[in-house]
Amino acid sequence: MTVVSLQQVRKVYKSGALEFEALKGVSLEIRQGEMVALMGPSGSGKTTLMQIIGLLDRPTEGRYILAGRDVTTLTENERAEVRNQEIGFVFQAFHLLPRLSVLENVEVPLTYAGYGPQERRERALEVLQKVGLGNKLKNLPSQLSGGQKQRVAIARALTMRPSILLADEPTGNLDSKTAVEVMRLFQELNDEGTSVIIVTHEPDIAEYTGRIVRIRDGQIESDGPNPHRKRAVGGVA
Ligand SMILES: Nc1ncnc2c1ncn2[C@@H]1O[C@H](COP(=O)(O)OP(=O)(O)OP(=O)(O)O)[C@@H](O)[C@H]1O
Ligand SMILES: [Mg+2]
């Protein structure tokens, strides 16, 4: 099944009289269960594309079919609803709330979605155990290593059981060993059927995915399977 289908998507940013065409007619199909690296130089349009795929922004032109549904013309509220159900986000800078514990951070999306305290706790515990942080529930983000913070962020992205996980430079702030641990986690989630799209500058990181899409100046430059796909091994620290 195709989960993401972008058809001739253009994105023009306007500020006052200035216009900038960040995406110049991008067509892209991603199937359920794929793990894709999105690569390209700074300013090439990677984050713009991820924001459109993640329904945080909308195309200026073109169509977007998400899991068989045309989401191009949805209202803001409808888009937010689809986003909460289908998409999990992970960012380079973790974006954890500093005054909330690990457990409370992971509960945030569940609170927004209207779950009661009991189910929030159960689901948050389940995903935190999955990412290997069952022993850090009461810690504050400042008391964690970079890799642990990113695993909290991944757990938070998983609470709503999204069909697609979008990660924008998720290993950008991590040393290479910790980066591989994070990639191992993404591979495990992908093995369980979650589609994963990862923006990265690093060829070493892209090697852990099954398909590499390269973008340049707002256009797809190349797109193909990764013949050297590596398995990330090693325990979670
Ligand atoms: N809100 C905005 N208003 C105007 N221009 C923007 C805006 N957001 C991004 N751009 C421009 O669109 C282009 C693509 O930006 P984008 O953030 O998608 O690049 P990127 O590939 O993610 O780069 P990086 O690797 O540095 O994160 C850039 O030239 C950028 O300056
Ligand atoms: Mg970016």
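Cut-offs applied
- Residues numbered from 1 in each chain as written.
- Chains lettered and ligands numbered in written order.
- Predicted model: local features only at pLDDT ≥ 70, side-chain atom pairs only at ≥ 80, totals over all residues.
- Heavy atoms only, no water.
- Near = heavy atom within 4 Å.
- Polar contact = N/O pair within 3.5 Å; in protein donor to acceptor, adjacent residues only side chain to side chain.
- Areas by Shrake-Rupley, 256 points an atom, 1.4 Å probe, with all protein chains shown as cover.
- Helix = DSSP H or I, 4+ residues; strand = E, 2+ residues; numbered from the N terminus.
- Nonpolar A, V, L, I, M, F, W, Y, C, P; charged D, E, K, R; others polar.
- Axes fitted to C-alpha atoms, helices over the stretch in contact; angles between N-to-C directions.
- Parallel < 35°, antiparallel > 145°, perpendicular 65-115°, else oblique.
- Left-handed = near helix turned anticlockwise from the far one by under 90°.
- Contact = heavy atoms within 4.5 Å.
- Pairing = 2+ DSSP bridges.
- Buried < 20%, exposed > 50% of the residue type's maximum accessible area, 1.4 Å probe, protein only.

Identification of the protein as ABC transporter from Meiothermus ruber is taken from an unreviewed UniProt entry.

Q: Could you clarify how one ought to interpret the site of ligand 1 in this entry?
A: Every residue close to ligand 1 is listed here: Tyr13, Phe20, Ala22, Pro41, Ser42, Gly43, Ser44, Gly45, Lys46, Thr47, Thr48 and His201. Contact between ligand 1 and Ser44: an oxygen atom at 3.2 Å from a main-chain N or O atom of the residue. At 2.6 Å, a side-chain N or O of Thr48 approaches an oxygen atom of ligand 1. Expressed as a share of its isolated accessible area of 640 Å², the protein-covered part of ligand 1 is 61%. For the shell around ligand 1, the element with the highest residue contribution is helix α1 (residues 46–53), accounting for three residues. Of the residues in the shell around ligand 1, the class split is four nonpolar, seven polar and one charged.

Q: Would you take a moment to explain the packing of helix α5 (residues 146–158) against helix α6 (residues 176–191) for this structure?
A: Any two packed helices are characterised by how steeply their axes cross, that is the angle between the axes, and by the distance between the axes. Two elements in contact, α5 and α6, have axes separated by 10 Å at closest approach and are oriented at 20 degrees. Relative to α6, the element α5 is oriented roughly parallel. Crossing hand, α5 versus α6: right-handed. For the pair formed by α5 and α6, the contact residues are Gly147, Gln150, Arg151, Ile154 and Leu158 on the first element and Thr178, Val182, Leu185, Phe186 and Leu189 on the second. When its residues are assigned to classes, the contact of α5 with α6 shows six nonpolar, three polar and one charged.

Q: Got a minute to help me understand the sheet that holds strand β10 (residues 219–225) in this structure?
A: Each strand in a sheet pairs with another by means of backbone hydrogen bonds, the pair being arranged parallel or else antiparallel. Taken in spatial order, the six strands make up an open sheet running β6-β7-β8-β3-β9-β10, and their pairing is mixed. What marks the edges here is a single partner per strand, and that holds for β6 (87–91) and β10. Each strand axis lies, on average, 15 degrees off the axis of its neighbour in the sheet, ignoring direction. Examined bridge by bridge, strand β9 (residues 211–216) and β10 share six bridges and lie antiparallel to one another. Bridge pairing in β10 links Arg211 to Pro225.

Q: Help me understand the sheet that holds strand β1 (residues 2–15) in this model?
A: Within the open sheet, the four strands sit side by side as β2-β1-β4-β5. Their pairing is antiparallel. On the outer flanks of this sheet lie β2 (18–31) and β5 (69–70), each paired with one strand and no other. One ladder, built from two bridges, connects strand β4 (residues 61–66) with β5; its direction is antiparallel. What sits directly across from Ile65, in β5, is Asp70. Taken strand by strand, α1 contacts β1, β2 and β4, and its axis lies near 120 degrees from that of β1.

Q: It is not clear to me how helix α3 (residues 102–112) should be interpreted in this structure. Could you clarify?
A: Since the α-helix turns once every 3.6 residues, residues separated by three or four places project in the same direction. Among the residues of α3, Val102, Leu103, Asn105, Val106, Glu107 and Leu110 are the ones counted as buried. Next to the buried residues of α3 lie α4 (117–130) and α5. After α3 finishes, the residue Gly114 shows a positive phi value of roughly 90 degrees.

Q: What am I meant to see in the pairing of strand β3 (residues 35–39) here?
A: A regular strand places its side chains so that they alternate between the two faces of the sheet. A large share of β3 lies buried, amounting to five of its five residues. Side chains Met35, Ala37 and Met39 project from β3 onto one buried face, and the interleaved Val36 and Leu38 project onto a second face that is buried too. Summarising the sheet, β3 and strand β8 (residues 195–199) pair through four bridges and their orientation is parallel. Following the sheet pairing, Leu38 is matched in β8 by Val199. Bridging between β3 and β9 involves four bridges; their strand directions are parallel. Directly across from Val36, in β9, lies its bridge partner Arg211.

Q: Got a minute to help me understand the environment of Ile154 in this structure?
A: By the element assignment, Ile154 lies in helix α5. Along the backbone, Ile154 and Val127 are 27 residues apart, and their C-alpha atoms lie at a distance of 8.8 Å. In contact with Ile154, other than residues within four places in its own chain, are Val90, Val131, Val182, Leu185, Phe186 and Leu189.

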